[in-house]
Amino acid sequence: MPTAVLIEDEALPRADLRERLAQLWPELRIVGEADDGLQGLALLHAQRPDVAFVDIRLPGLSGLELAQAVRGSLHLVFVTAYDQHAVKAFEQGAVDYLLKPLQPVRLAQTVQRLRERLQSAPPDLSRLLQQLQRPSTDPVSARAEPLRWLQVGQGEHLRLVTVADVLFFRAETKYTQVVTKAGDWWIRLSLKELAGQLDAQAFWQVHRNAIVNLAHVDWVERSALGRMRIHLKQHDAILSVSQSYQARFRQM
């Protein structure tokens, strides 16, 4: 029976991948999981699996550094959020990759390729890893794509929320509340981290703890004292605009 390990720092995507693999490749035995690069490297040395599914961005040791340390000893599948530079490099190499959120058809293709590749030795990843670690010289490719979806937990299930459907984000300690017309969820991502991944033309920060989707703004109220409050379409929430963020609304 072929064996595999999953190295992914987020519990929900890791569970999603595990469940999908169980359906698509029932004879594959998952012999271990890790949520950071250092644990992942130790796990690979201890278990010596046939396949490893590795997130590129890992704490402790990146997925690329981990791949460098074990290259040639097993078949690797990289898991990544959309990145034009990385995808271009993957498509030119003899290694598979999966984009988040996982697409059933794409994962099925990956499983089929792995079944075939297990009959031969793992490919040499030296050139691919060098290319991935070298910054893209194409300014269009180098520019990060705005976040298009979010993975949120809903009980024991994973839910995918389209960012365009989000009315606003509100910070609460280390978590961020995601508010849509369909409901509210929490993600383990600070508002500061989230802000850098959103489309700056569509999402405006209006307070140190709030970012609003302009497409869902109905009107902005301005009091005699100069305070601003945002009223949303088809939602009762009212967001305060702090003084430092009011200038953009005055120009509208």
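Let us look at the structure shown here. Counting restarts for each chain, with residues numbered from 1 along the sequence as it is written. Where local features are concerned, this predicted model is filtered to residues with pLDDT of at least 70; where side-chain atom pairs are given and counted, the filter is 80 or more; whole-chain, interface and lining totals use all residues. To obtain the side-chain values, all non-hydrogen atoms of the structure were included, while hydrogens and water were left out.

What follows deals with the overall build of the protein. Strands here mean DSSP runs of E at least two residues long; helices mean DSSP runs of H or I at least four residues long; both are numbered from the N terminus. The number of helices and strands found in the protein is nine helices and 15 strands. We call two residues contacting when some pair of their heavy atoms lies within 4.5 Å. Across the protein, the fraction of contacts at a sequence separation of at least 24, relative to all contacts at a separation of at least 6, is 53%. Surface accessibility follows the Shrake-Rupley procedure with a 1.4 Å probe radius. Residue values consider only the protein chains on display as shielding. With an accessible surface of roughly 14,200 Å², the protein has 48% of that area assigned to carbon and sulfur atoms.

What follows concerns the packing of helix H2 (residues 37-47) against helix H3 (residues 63-70). Between two packed helices, the angle of one axis relative to the other and the distance separating the axes together describe the packing. Comment: axis = line fitted to C-alpha atoms, over the contacting stretch for helices; angle = value between 0 and 180 degrees taken between N-to-C directions. Packing of H2 against H3 brings their axes to within 10 Å, and their N-to-C directions diverge by 25°. In terms of axis orientation, H2 runs roughly parallel to H3. With respect to the hand of their crossing, H2 and H3 are arranged in right-handed fashion. Every residue of H3 that contacts H2 at Gly37, Gly40, Leu41, Leu44 and His45 is listed here: Leu66, Ala69 and Val70. Any angle that is under 35 degrees is reported as roughly parallel, and any over 145 degrees as roughly antiparallel; angles of 65 to 115 degrees are reported as roughly perpendicular and all others as oblique. Put simply, a crossing is left-handed when the front helix is turned counterclockwise from the back one by less than a right angle, and right-handed when it is turned clockwise.

The phi dihedral of Arg48 falls on the positive side, at around 50°, and the residue is not glycine. Looking at the secondary structure, you find Arg48 in the loop between H2 and strand S3 (51-55). Although it is not a glycine, Gln234 sits at a positive phi angle of roughly 55°. Structurally, the position occupied by Gln234 is in the loop between strand S14 (228-232) and strand S15 (238-241).

In this analysis, strands are considered paired if DSSP registers two or more bridges between them. Ordered by their spatial adjacency, five strands build an open sheet running S2-S1-S3-S4-S5, and the pairing between neighbours is parallel. Each edge of the sheet is formed by a strand with only one pairing partner; in this case those strands are strand S2 (29-34) and strand S5 (96-99). Direction aside, the axes of adjacent strands within the sheet are offset by 20° on average. By the bridge criterion, five bridges tie strand S1 (residues 3-7) to S2 in an arrangement that is parallel. Bridge assignment links Ala4 to a residue of S2, and that residue is Ile30. Strand contacts of H3: S1, S3 and strand S4 (75-80), with the helix running at about 175° to S4, the strand carrying the most contacts.

Here we come to H3. Within H3 the residues assigned to the buried category are Gly63, Leu64, Leu66, Ala67 and Val70. Burial along H3 is one-sided: seen end-on, the buried residues are contained in an arc of 160°. In the stretch just after H3, Gly72 is the one whose phi turns positive, near 85°. Each residue is assigned to one of three classes by its accessible area relative to the maximum for its type, calculated with a 1.4 Å probe on protein chains only: buried under 20%, partly exposed between the two thresholds, exposed over 50%. The directions considered for the arc run from the helix axis to the C-beta atoms.

On strand S10 (residues 184-187), burial follows the alternation: Trp185 and Ile187 on one face are buried, whereas Asp184 and Trp186 on the facing-out side are not. Here four bridges tie strand S9 (residues 175-180) to S10, and the two strands are oriented antiparallel to one another. Each bridged residue has a counterpart across the sheet, and for Val179 the counterpart in S10 is Asp184. Linking S9 to S10, which pair antiparallel, is a turn of three residues; within it Gly183 sits at a positive phi near 155°.

To continue, consider the pattern of salt bridges. Salt bridges are defined by distance alone: a side-chain nitrogen of Lys or Arg within 4 Å of a carboxyl oxygen of Asp or Glu. All told, the structure shown has seven salt bridges when counted by the stated rule. Two residues, Arg14 and Glu33, come together in a salt bridge whose shortest N-O distance is 2.9 Å. Pair noted here: Arg14 is in helix H1 (residues 11-24) and Glu33 is in strand S2, with a separation of 19 residues, a long-range link. Residue Arg229 is joined to Glu221 by a salt bridge in which the shortest nitrogen-to-oxygen separation is 3.3 Å. You can call Arg229 partly exposed: its relative accessible area is 35%. Overall, Glu221 belongs to the partly exposed group, its relative accessible area being 24%. Among the ionic contacts, a cluster of salt bridges with common partners joins Arg14, Arg18 and Glu33.

In this scheme, a helix's expected span is set at 1.5 Å multiplied by one less than its residue total. With 14 residues, H1 extends 20 Å between its outermost C-alpha atoms, agreeing within 8% with the 20 Å of an ideal straight helix rising 1.5 Å per residue. Every buried residue of H1 is accounted for by Pro13, Arg14, Ala15, Asp16, Leu17 and Leu21.

Any link to function would need more than the numbers given here.
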